[in-house]
Amino acid sequence: MNARYSYLSHLQCSLCQHPYNADQLESKARLLVKDEGQNPTGSFKARGMATAVSRALELGARGVVTPTAGNAGAALAAYAARARLPAYVVVPQDAPDTCIQQARLYGAEVELIPGLISDAGQVSAEVSRQRGWFNISTLREPYRVEGKKTMGLELAEQLGWRLPDAIIYPIGGGTGIVGMWKAFAELHQLGWLTSNRLPKMIIVQAEGCAPLVRAFHEGLEEAEPWPAQKAHTKAAGLLLKIHFLEPGDETVLFFTSSGLTDLGNYSQ
Ligand SMILES: Cc1ncc(COP(=O)(O)O)c(C=O)c1O
């Protein structure tokens, strides 16, 4: 990608030894935390939007649209503002107010809608058609995944080009986990990794909206859409109790946004 179009980058986010390791995990895993809240817009969404907006601009987009649960809209608004592209963000009305205000502060048009992110997706597609603006919805263009890949590259670099035994990661639309896995596969292919073993990828979803977790437990190949319910996000602790981890596993827990500051919630 031409450097001229790379308007904002993300920062390297710290990886630190977690004080709650050992005793509070029954399997005595060594727990590291990667704090993605240090990204310029406060969440890991900055990584995907940095590349997606840069590439959209390079390809001549006149404006950009996205549906969002909050953080992606704020990130798109920031990177679009930096690239001097107009942005339109469609967000369910019960999304966090901080994200809505953040997107507005960066100058995006923000439309609040009743319903879920899937409803916001339909509105975004319509706005994109009407205005001829580029639709940056999750997994509809390849560059958000390329941006999220940097989480995997950065992790490998921070650990001296070896990967941990397991990664615990909150998943919604899936760009983060798809991007990280792509990074590991590519590093492996390039021969940059010190071992051939790839990490166990453990996903976390909110209890109120967990289509992939449900599909996994039911042994299904494809997940069914979840019925409209309010979601909440305190789910990480559960996974450690059902033996996905082995004793001594080095595990990296991803905090994908700056909203999650009370680590105490995650030791329960
Ligand atoms: C803080 C945070 N974590 C995780 C996710 C899931 O993102 P994805 O699965 O699309 O990578 C989101 C998506 O909105 C988010 O805002």
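Position numbers for residues start from 1 in each chain and track the written sequence from start to end. With the structure being a predicted model, the display of local features is reserved for residues of pLDDT at least 70 and the display and counting of side-chain atom pairs for 80 or more, all residues being used for whole-chain, interface and lining totals.

A.B. asks: Just to check I follow, could you spell out the overall build of the protein for this structure?
C.D. replies: Per the convention used, a helix needs a DSSP run of H or I reaching at least four residues, while a strand needs a run of E reaching at least two, with both numbered from the N terminus. If you tally the helices and strands in the protein, you get 8 helices and 9 strands. Comment: burial labels come from other C-beta atoms within 10 Å of the residue's own C-beta, placed from the backbone, where a count of 20 or more is buried, 12 or fewer is exposed, and between is partly exposed. Here the protein holds 268 residues, and 43% of them are scored as buried. Across the protein, contacts joining residues at least 24 apart in sequence account for 72% of those joining residues at least 6 apart. Two residues qualify as being in contact provided that their C-beta atoms, derived from the backbone, are within 7 Å of each other.

A.B. asks: When you look at the pairing of strand 5 (residues 109-113) in this model, what are you seeing that I'm missing?
C.D. replies: As a general feature of sheets, a regular strand has side chains that alternate between the two faces. A pair of strands is labelled paired if DSSP reports no fewer than 2 bridges between them. Inspection of the sheet shows strand 4 (residues 87-92) paired to strand 5 by 5 bridges, in the parallel sense. Bridged to Val-91 within strand 5 is Leu-112. A crossover connection joins strand 4 to the parallel strand 5 through helix 3 (residues 97-105); in handedness this β-α-β unit is right-handed. The path from the first strand over the helix to the second decides the hand: if it runs clockwise while the strands point away from the viewer, the crossover is right-handed.

A.B. asks: Is there a simple way to think about the sheet that holds strand 2 (residues 30-35) in this case?
C.D. replies: Each strand in a sheet pairs with its neighbour through backbone hydrogen bonds, running either in the same direction (parallel) or in the opposite one (antiparallel). Pairing within the open sheet is mixed, and its 5 strands lie in the order 1-2-9-7-8. Looking along the sheet, the strands with just one partner apiece sit at the ends: strand 1 (15-17) and strand 8 (200-204). Put simply, the sheet's adjacent strands are angled 25° from each other on average, direction ignored. Lines are fitted to the C-alpha atoms to define the axes, a helix being fitted only along its stretch in contact, and any angle between axes, read from their N-to-C directions, falls within 0 to 180 degrees.

A.B. asks: How should I be thinking about the confidence of the model for the protein in this particular structure?
C.D. replies: Close reading of the predicted structure is inappropriate where its pLDDT is low. Values of pLDDT, the confidence the predictor places in each residue, fall between 0 and 100. The pLDDT averaged across the protein works out to 81; a share of 79% of its residues lies at or above 70. When pLDDT is averaged over each element of the protein, strand 5 comes out on top at 97 and helix 8 (residues 236-240) at the bottom at 25. Every residue in residues 1-6 is under pLDDT 50, and counting partners more than four places away or in other chains gives 9 contacts.

A.B. asks: Is there a simple way to explain the sheet that holds strand 6 (residues 134-135) in this structure?
C.D. replies: In spatial order, the strands read 5-4-3-6; together these 4 strands make up an open sheet with parallel pairing. Only two strands of the sheet have a single partner each, and these edge strands are strand 5 and strand 6. Seen against the sheet, helix 2 (residues 71-83) touches strand 3 (64-67) and strand 4 and runs at an angle of roughly 170° to strand 4.

A.B. asks: Whenever I open this one, helix 5 (residues 143-158) confuses me. Can you help?
C.D. replies: Think of an α-helix as 3.6 residues a turn; residues three or four steps apart then line up on the same face. In a regular helix each residue adds 1.5 Å, so 16 residues correspond to 22 Å; helix 5 covers 23 Å between its end C-alpha atoms and thus fits that length. Gly-160 sits one or two positions beyond helix 5 and adopts a positive phi of about 70°. A helix's residues, less one, multiplied by 1.5 Å, set its expected span.

A.B. asks: I would appreciate a short explanation of the pairing of strand 9 (residues 250-255) in the present structure.
C.D. replies: Of all 6 residues making up strand 9, 5 are buried, and the element is well covered by its neighbours. The pairing of strand 2 with strand 9 spans 6 bridges and is parallel. The residue bridging Asp-35 from the neighbouring strand is Phe-255, located in strand 9. In this structure, strand 7 (residues 166-170) lies alongside strand 9, joined through 3 bridges in parallel fashion. Bridge pairing in strand 9 places Ile-167 opposite Val-252.

A.B. asks: Honestly, unusual backbone geometry in this entry has me stumped. Any pointers?
C.D. replies: For residues that are not glycine, phi is negative in most cases, and the peptide bond is trans in most cases. The phi angle at Arg-84 is positive, at roughly 60°, despite the residue not being glycine. Here Arg-84 lies in the loop between helix 2 and strand 4. Residue classification places Arg-84 among the exposed residues on the basis of 9 C-beta atoms within 10 Å. Of note in this structure, Trp-161 is not a glycine but carries a positive phi near 65°.

A.B. asks: Is there a simple way to think about the packing of helix 2 against helix 3 in this case?
C.D. replies: The description of two helices packed together rests on the angle between their axes and the distance between the axes. The contact between helix 2 and helix 3 brings their axes to 8 Å, and the two run at 15°. Here helix 2 is positioned roughly parallel relative to helix 3, judged by the angle of their axes. The interaxial crossing formed by helix 2 with helix 3 has left-handed handedness. Judged by residue contacts, Asn-71, Gly-73, Ala-74 and Ala-77 of helix 2 engage Cys-99, Gln-102 and Ala-103 from helix 3. The nonpolar class holds Ala, Val, Leu, Ile, Met, Phe, Trp, Tyr, Cys and Pro. Asp, Glu, Lys and Arg form the charged class, and all remaining residues, Gly among them, are polar. Looking at the contact of helix 2 with helix 3, its residues break down into 4 nonpolar, 3 polar and no charged. Each angle receives one of four descriptions, namely roughly parallel if under 35 degrees, roughly antiparallel if over 145, roughly perpendicular if within 65 to 115, and oblique otherwise. In this scheme the handedness of a crossing depends on how the near helix is turned from the far one: anticlockwise by less than a right angle means left-handed, clockwise means right-handed.

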